[in-house]
Structure formats: structure tokens, C-alpha cells
Amino acid sequence: MSRNLLILAAAPTLGELRDTLVRLEDTIIFALIERSQFKHNNSIYEENKMSFKDGYKGSFLTWFLKEVEHVHAKVRRYQSPDEYPFTGNLPEPVLPPLAYPPVLVDPQNINVNEDIFDMYVNTVVPGITQPGDDTNYGSSATRDIECLQALSRRIHYGKFVAESKFQDPATHDEYVRLIREQNRDRLMELLTNAKVEELLLKRLKAKAIIYGQDLSSASMDANGNVKTPHESPGSSPVIGGKAEERAKTRVDYDLVVSLYRDYVIPLTKEVEVEYLLHRLDSD
Ligand SMILES: C=C(O[C@@H]1C=C(C(=O)O)C=C[C@H]1O)C(=O)O
């Protein structure tokens, strides 16, 4: 067994990590549902739109995110290896550091939150909200920050997944060879599991349809029975028996699937590749 297998504490298994990613699907879907209850409120994303006493020139959302992350930094949130801030120049914690087991070797301190922020503001928010302004700026930004933090955790979990694959005796030597070659494309091929991705997208659609269904009092009779037949996740999404009618869900389930297919999974794999490319820097 090569030396770099001995450096680290026992990393979580790939199966345990995948279970965590499955659970984060729920967190992300419900966070999107919560944000979707408010209008787009585009002004909170525009720079120089609101005046701040300290002369800050950014958008309301980036100002709020800065304020939230400053407080969270003081309680050492970003000393956790699975938490990455969107804001720079954060204060030191008021609490003493925790002794996290050294699972990751990440000399670059990889952080793709800029990409996550741009994707979320420019693609996700317009896709999950109705156009317009309902002045719920604080509530919208609060839900935005919950979405951004959940997406960031999920995507940066790619570091743990990459470390688990690197430590797998079945593939360790091939990873070492490809890292020494700095062969980005072959690393991407080796770490990609198309079957896991395919099953994930199918599960995600089912979750978004089920979680997104409106089971408010309006859709239930006096005895608490659901009045409107709700499609089972395996069937084509229908309500009221018309197969061509889309399920009326609180969040667009096709958008949730495309969010993962086009952004979350590719960004997670980018994190995995970047992590692996620098895994042996300290050797
Ligand atoms: C996270 C993994 O690595 C890759 C990324 C995946 C994702 O972001 O969902 C799924 C499978 C892999 O292609 C994994 O193998 O589970």
C-alpha cells in the first residue's frame, strides 16, 4: 500500500457518502420549494440597487450573504471540512477550533461557490419563481441563502467522494498514475459512474413530484382524503386523469432534474477532478 494511503483517518465509505448525497437531495428540493413561494424579486440580485450605510455597492443578496457568513464564521462554521463560504475576508471564530479527523488533502482549498452563485441567480431563481416583485426581499434572500448553502455542501462533497475513490485499493494505483500524468480527461472518465447518475435523476424527478404536490386543505375533503388524484412517481405525471396535463407541483420537477443534470453533477465532478489533480501535491 503506497504511503499516501496511510496519511488519513478512515474516510467515510463511498456508500456512506452517496447516502449523504441522497439526503441532501431532500434538503435542496425543499429549499427550492420554500424559495418558489415568493416572486422573482429581481431587484435583490442587482448591484447598486439598494443603498447601504457602509457604502456597500453589491446586491441585496450578496450583502445579506456577507452578513450571515460573518456571523456563521464566528461560530466556526467554515472550519468544518464540508462547509465553504461565498464571502471572503471572514472573521476568526470566537469558539476554539474543533479537531476534525484529517480526511481530506486539499492544498488548493477548492471552492466553486462563484460558479454555484452565478448558476443559482441566473438560472435557478428565474426557473422556480413567478415573474414580478412582491417586496418579500428579506424572505426571498433568506431562502436563497438556504438554497446556496445546500447546493454548496452537496457539490463540495465531491472532495470526500474523490478521496474515497482515491483510497479504494481497486483503483488507487490508477488514480496515482493519472494524477502524476495530470490527465484530467482520464480522471473524469475513471471517477464517472453513469449508472449512479441515471438512477439519481430518476429518483430526483420522483421526489420533486411527490414533495412538490400541494396537499393543502384545498386539495383534501372534510375527512382529510386527498380530493385530486395524485400520480404515482413511476407513471407519467398527470392530475385529473389527462395524461398530457403536467402535474401541478410547487416546484417545476423538470427544472430540478435539469439543475442536477446540467449543473450540480458536472460541478461535483469538477470538484472531484480538481481535488484529485492536486491530491499528491504535498508528496
Ligand atoms: C458523486 C459521485 O461521483 C460522480 C458524481 C455524481 C453526482 O454528482 O451525483 C454521481 C456519480 C459520479 O459520476 C459518485 O460516484 O457517487
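Residues numbered from 1 in each chain as written. Predicted model: local features only at pLDDT ≥ 70, side-chain atom pairs only at ≥ 80, totals over all residues. Heavy atoms only, no water.

**Observations regarding the nonpolar core**
Line of reasoning, step 1. Core analysis: the largest hydrophobic core is formed by 69 residues, its most contacted members being Leu32, Ile116, Tyr120 and Leu276.
Line of reasoning, step 2. The residues contacting Tyr120, other than those within four sequence positions of it, are Leu32, Arg35, Val125, Pro126, Arg143, Asp144, Cys147, Leu148 and Leu151. (Core = buried A, V, L, I, M, F, W, Y, C linked by side-chain atoms within 4.5 Å. Buried < 20%, exposed > 50% of the residue type's maximum accessible area, 1.4 Å probe, protein only. Contact = heavy atoms within 4.5 Å.)

**A look at the site of the ligand**
Line of reasoning, step 1. Taken together, 15 residues surround the ligand, and among them Arg18, Arg154, Lys165, Glu197 and Glu272 come closest.
Line of reasoning, step 2. Between the ligand and Lys165, the relevant distance is 2.8 Å, taken from an oxygen atom to a side-chain nitrogen or oxygen of the residue.
Line of reasoning, step 3. Within the complex, the protein chains bury 99% of what would otherwise be the 360 Å² of accessible surface of the ligand.
Line of reasoning, step 4. Elements with a minimum of two residues in the shell around the ligand: helix H1 (14-36), helix H5 (158-167), helix H8 (194-211) and helix H9 (253-277).
Line of reasoning, step 5. Here the shell around the ligand gets four residues from one element, more than from any other, and that element is H9. (Near = heavy atom within 4 Å. Polar contact = N/O pair within 3.5 Å; in protein donor to acceptor, adjacent residues only side chain to side chain. Areas by Shrake-Rupley, 256 points an atom, 1.4 Å probe, with all protein chains shown as cover. Helix = DSSP H or I, 4+ residues; strand = E, 2+ residues; numbered from the N terminus.)

**Structural notes on the pattern of salt bridges**
Line of reasoning, step 1. The tally for this structure, following the rule as stated, stands at 24 salt bridges.
Line of reasoning, step 2. A salt bridge links Arg35 to Asp144; the shortest N-O distance between them is 2.9 Å. One end of the pair, Arg35, is in helix H1; the other, Asp144, is in helix H4 (residues 137-156), with 109 residues separating them in the sequence. Exposure class is identical for Arg35 and Asp144. Each is buried. (Salt bridge = Lys/Arg side-chain N within 4 Å of Asp/Glu carboxyl O.)

**A closer look at helix H2 (residues 60-74)**
Line of reasoning, step 1. Between its first and last C-alpha atoms H2 spans 22 Å; for 15 residues at 1.5 Å apiece the expected length is 21 Å, and the two agree.
Line of reasoning, step 2. Positive phi appears at Arg76, one or two residues downstream of H2, with a value of about 60°. (Expected span 1.5 Å × (residues − 1).)

**Describing the confidence of the model for the protein**
Note: predicted coordinates in regions of low pLDDT should not be interpreted at a detailed level.
Line of reasoning, step 1. Averaged over every residue, the pLDDT of the protein is 89; the share at 70 or more is 88%.
Line of reasoning, step 2. Per-residue pLDDT stays below 50 along residues 231-245; that stretch engages in 24 contacts with residues further than four places along the chain or on separate chains.
Line of reasoning, step 3. Two summary scores accompany this predicted model of the complex, namely pTM at 0.89 and ipTM at 0.99. (pLDDT = per-residue confidence, 0-100.)

**A closer look at the packing of aromatic side chains**
Line of reasoning, step 1. The tally for this structure, following the rule as stated, stands at seven aromatic pairs.
Line of reasoning, step 2. Considering the side-chain rings of Phe30 and Tyr211, the 4.7 Å spacing of their centres and the 20° angle between planes classify their relative orientation as stacked. Here Tyr211 lies in helix H8 and Phe30 lies in helix H1, a separation of 181 residues in the sequence.
Line of reasoning, step 3. Assessed through its relative accessible area of 37%, Phe30 is described here as partly exposed.
Line of reasoning, step 4. An angle of 70° between the planes, with centres 5.6 Å apart, marks the rings of Phe52 and Tyr56 as edge-to-face.
Line of reasoning, step 5. Here Phe52 falls in the buried class, since its relative accessible area comes to 14%.
Line of reasoning, step 6. Chaining the aromatic ring pairs together yields one cluster made of Phe52, Tyr56, Phe60, Trp63 and Phe64.
Line of reasoning, step 7. Over the ring of Tyr56 we find Lys66, and its NZ or CZ is 4.9 Å from the ring centre. (Phe/Tyr/Trp six-rings, centres within 6.5 Å; stacked < 30°, edge-to-face > 60°. Lys NZ or Arg CZ within 6 Å of the ring centre and 35° of its normal.)

**What to know about unusual backbone geometry**
Line of reasoning, step 1. Despite not being glycine, Thr135 has its phi angle at roughly 65°, a positive value.
Line of reasoning, step 2. With respect to the element layout, Thr135 can be found in the loop between helix H3 (113-128) and H4.
Line of reasoning, step 3. Judged by its relative accessible area of 58%, Thr135 is exposed.
Line of reasoning, step 4. If you check the backbone angles, Gln182 has positive phi at about 50° while not being a glycine.
Line of reasoning, step 5. Inspection of the secondary structure puts Gln182 in the loop between helix H6 (172-180) and helix H7 (184-191).
Line of reasoning, step 6. For Gln182, a relative accessible area of 43% gives the class partly exposed.

**A look at the environment of Leu148**
Line of reasoning, step 1. As for its placement among the helices and strands, Leu148 is situated in helix H4.
Line of reasoning, step 2. Look at Leu148 and you get buried, because its relative accessible area is 0%.
Line of reasoning, step 3. Expressed as a C-alpha distance, the spacing of Leu148 and Thr27, which sit 121 residues apart in the sequence, is 11 Å.

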